[in-house]
Amino acid sequence: MKNYTSLQSIQADLHAGYITCRQLVEFYLQNIAEKNTQLNAFLKVFDQEALAKADEIDQKIKTGNAGKLAGMVIGIKDLLCYKDHTSTAGSKILDGFESQFNATAVQRVIDADAIIIGSQNCDEFGMGSTNENSAYGACLNAVGTNRVAGGSSGGSAVAVQADMCLASLGTDTGGSVRMPAGFCGLVGLKPTYTRVSRWGLIAYASSFDCIGPITKSVEDAAILLEIIAGKDEQDSTVSRLEVPQYSAFDTTHKTLKIGYLKEAVESAGLQPEVREATWAKLEALKAAGHVVEAVEFPLIKYFLPTYYILTTAEASSNLSRFDGVKYGHRSNQATDLMSMYKKSRAEGFGKEVKRRIMLGTFVLSASYYDAYYTKAQKVRRLIKDYTDQLLSEYDFLVCPTTPTTAYKIGEKTSDPIQMYLGDLFTVQANVVGLPAISIPNGVDNDGMPIGFQIMGGAFQEKALLSFAKSLY
Amino acid sequence: MKIDKEALQKIAHLARLEMPASTEDEMMGSLNSVLTWMEELNEVDTADIKPLTHMSLEVNALREDKVIPNISREQGLKNAPKQDGEYFRVPKVIE
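Below, the structure is looked at part by part. Note that the structure is a prediction, hence the values are computed from the model and not measured.

**A look at the environment of Trp 279 of chain A**
Part 1 of the reasoning: You can see Trp 279 of chain A is positioned in helix α9 (residues 272-287).
Part 2 of the reasoning: Apart from residues lying up to four places away in sequence, Trp 279 of chain A is in contact with Tyr 260, Val 265 and Glu 266 of chain A.

Written as structure tokens, this is what we have:
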């Protein structure tokens, strides 16, 4: 079996009769059997179901009524609900939880005949940038197994990187799709906020959370987005805007105006190879006839404090649902209702999740609400207004996806702020609700992948994907 | 220092988290360092700026208010750590 990098080439071979869906699933299952014990990308593998589904799709291909994603073997981040399957969110508090319904995005890929092969490791409730914060163990980078996968959708990225599936659905609250995609040499797309229904996405920070694909090609990201995006009766916040055919790329050559974030690209904290790769990409854009200019964003140092005040506040509220009553872990040490809540939560949540719940509870407490929470909402507006203004002058804003390539295991776990700083370039898109994509941009001296991030205007995914396609 | 042990226990109570004495110092230290870092926002002039409270570009997705079947009782109780077939069970609250 050759290593496919796009659904289109798989479908061509399926229709020509060179391969079957069953063979594809067997190929991925074989890779999972060989690599997953070490890499820890999948938490659950649905081998028998995937094989049965493969036979069903093979039959459909024969009769000519297969769906758009026929031949796509996909994994889903364990933060997405999949009916009658476990969804743990990488947390002990949801150990054994089986969803009663499908997330809308999951339902839509099933309806389009994708084959779901398993659920993937992630940082607990999406809170982490390395996938080391999972109650089920760290997920390792397949290029260098002493390196982290990136997070929080680390399992989703490594599963694609190591050919354990063709594509994954991850979630991105502050970079959790783009960052692991960057660390693993893949394409990761975070759509515009509200482009994809959040129904069935276990909430971390509701005004930031987005479901997005991790793939080997820009084409597959586009196809997946056009399947999962769009209005949904289950999510009243989702955009009702028409979903364009993202995979019909706009290939007319246009001279684009591209701004690069000066503070990011010229930052002293940038790993030298990341800086060089980014400059080389910018030079290539100029050579292709585009206008490339430095833009200043003096508010850049406030992205992360703003993000962490607002997301911890939202998390403390969202995670109050884990009370040991309706689902999830209940302590057997409880003596009364209050101790049941406190002990169940203390036993079920990991350290970073507790820290964020505590921070969020603090910034929302009566005496500090205005000083932290309201202040951060005001700065969020300033960041959004300035970003929107830049995107009225420029077609795209670009920068490296991360300041460095994948960290060594354990390198960032002792100091939370060091861990948070890794999200510096990705959080902006979530703070302002705009779409952004990470595409591969070479490797460093150790062979670790470097990511290049492109951010576009609200609901301009088609232009964003077309531009990304022209580069990768 | 924003948070001392008393404040830490008060927040932990509000958050319904048991915070044993052995974990107090580490949690307190990390909360204080993160909060100090967050306070960098005070350098930003936000006079006359309205807080951004909604990220959706569209407003009021209205639908008909009709009763539709949701999940069954059996399904609803399926993941409960303790239930009796009709209700979620919790430790006795009223004597």
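Having seen the model, we can carry on.
**Examining unusual backbone geometry**
Residue and element names in this part refer to chain A.
Part 1 of the reasoning: Between Gly 151 and the following residue, Ser 152, the backbone shows a cis peptide bond with an omega angle of 5°.
Part 2 of the reasoning: Take Ser 152: it is sitting in the loop between β3 (115-120) and α5 (154-161).
Part 3 of the reasoning: Its identity is not glycine, yet Asn 131 carries a phi of approximately 65°, on the positive side.
Part 4 of the reasoning: Within the secondary structure, Asn 131 sits in the loop between β3 and α5.
Part 5 of the reasoning: Of note, Thr 194 is a non-glycine position whose phi angle comes to about 80°, a positive value.
Part 6 of the reasoning: By the secondary structure assignment, Thr 194 is in the loop between β5 (187-190) and β6 (210-215).

**A short note on the packing of aromatic side chains**
Part 1 of the reasoning: Applying the stated criterion across every chain, the model contains 22 aromatic pairs over all chains.
Part 2 of the reasoning: Measuring from ring centre to ring centre gives 6.0 Å for Tyr 420 of chain A and Trp 37 of chain B, while their planes differ by 40°; the resulting arrangement is tilted. Of this pair, Tyr 420 of chain A sits in helix α14 (residues 416-421) while Trp 37 of chain B sits in helix α2 (residues 21-38), on two different chains.
Part 3 of the reasoning: In this structure Tyr 420 of chain A comes out as buried when scored by relative accessible area, which is 1%.

**Comments concerning the pairing of strand β4 (residues 167-172) of chain A**
Residue and element names in this part refer to chain A.
Part 1 of the reasoning: Within β4, 6 of the 6 residues are buried, leaving the element largely enclosed by the surrounding structure.
Part 2 of the reasoning: Burial along β4 is two-sided: the residues Ala 167, Leu 169 and Thr 171 and Ser 168, Gly 170 and Asp 172 are all buried.
Part 3 of the reasoning: Note that strand β2 (residues 73-77) and β4 share 3 bridges and pair parallel. The residue of β4 that forms the bridge with Ile 76 is Leu 169.
Part 4 of the reasoning: Pairing geometry for β4 and β6, over 5 bridges, is antiparallel. Note on β6: the bridge partner recorded for Asp 172 is Cys 210.

**Section: a nonpolar patch on the surface**
Part 1 of the reasoning: Nonpolar side chains collect at one region of the surface, where Val 90, Val 93 and Ile 94 of chain B lie side by side and expose about 290 Å² of accessible area between them.
Part 2 of the reasoning: Structurally, Ile 94 of chain B can be placed in the segment after α3 (73-77).

**Focus on the environment of Ala 12 of chain A**
Residues and elements named next belong to chain A.
Part 1 of the reasoning: Within the fold, Ala 12 resides in helix α1 (residues 7-15).
Part 2 of the reasoning: Residue classification places Ala 12 among the partly exposed residues on the basis of a relative accessible area of 46%.
Part 3 of the reasoning: Distance in space between the C-alpha atoms of Ala 12 and Thr 130 is 36 Å, their sequence separation being 118 residues.

**Notes on the pattern of salt bridges**
Part 1 of the reasoning: Tallied over the full model, the rule gives 27 salt bridges over all chains.
Part 2 of the reasoning: Of the charged contacts in the structure, one is a salt bridge between Asp 84 of chain A and Lys 83 of chain A, with a shortest N-O distance of 3.6 Å.
Part 3 of the reasoning: By relative accessible area, Lys 83 of chain A is classed as partly exposed at 35%.
Part 4 of the reasoning: Taken together, the shared-partner salt bridges in this structure form one network comprising Lys 83, Asp 84 and Glu 98 of chain A together with Lys 78 of chain B.

What counts and what doesn't
- Residues numbered from 1 in each chain as written.
- Chains lettered and ligands numbered in written order.
- Predicted model: local features only at pLDDT ≥ 70, side-chain atom pairs only at ≥ 80, totals over all residues.
- Heavy atoms only, no water.
- Helix = DSSP H or I, 4+ residues; strand = E, 2+ residues; numbered from the N terminus.
- Contact = heavy atoms within 4.5 Å.
- Phe/Tyr/Trp six-rings, centres within 6.5 Å; stacked < 30°, edge-to-face > 60°.
- Buried < 20%, exposed > 50% of the residue type's maximum accessible area, 1.4 Å probe, protein only.
- Pairing = 2+ DSSP bridges.
- Patch = residues over 30% accessible without salt bridge, like charges linked within 9 Å, V, L, I, M, F, W, Y side chains within 5 Å.
- Areas by Shrake-Rupley, 256 points an atom, 1.4 Å probe, with all protein chains shown as cover.
- Salt bridge = Lys/Arg side-chain N within 4 Å of Asp/Glu carboxyl O.

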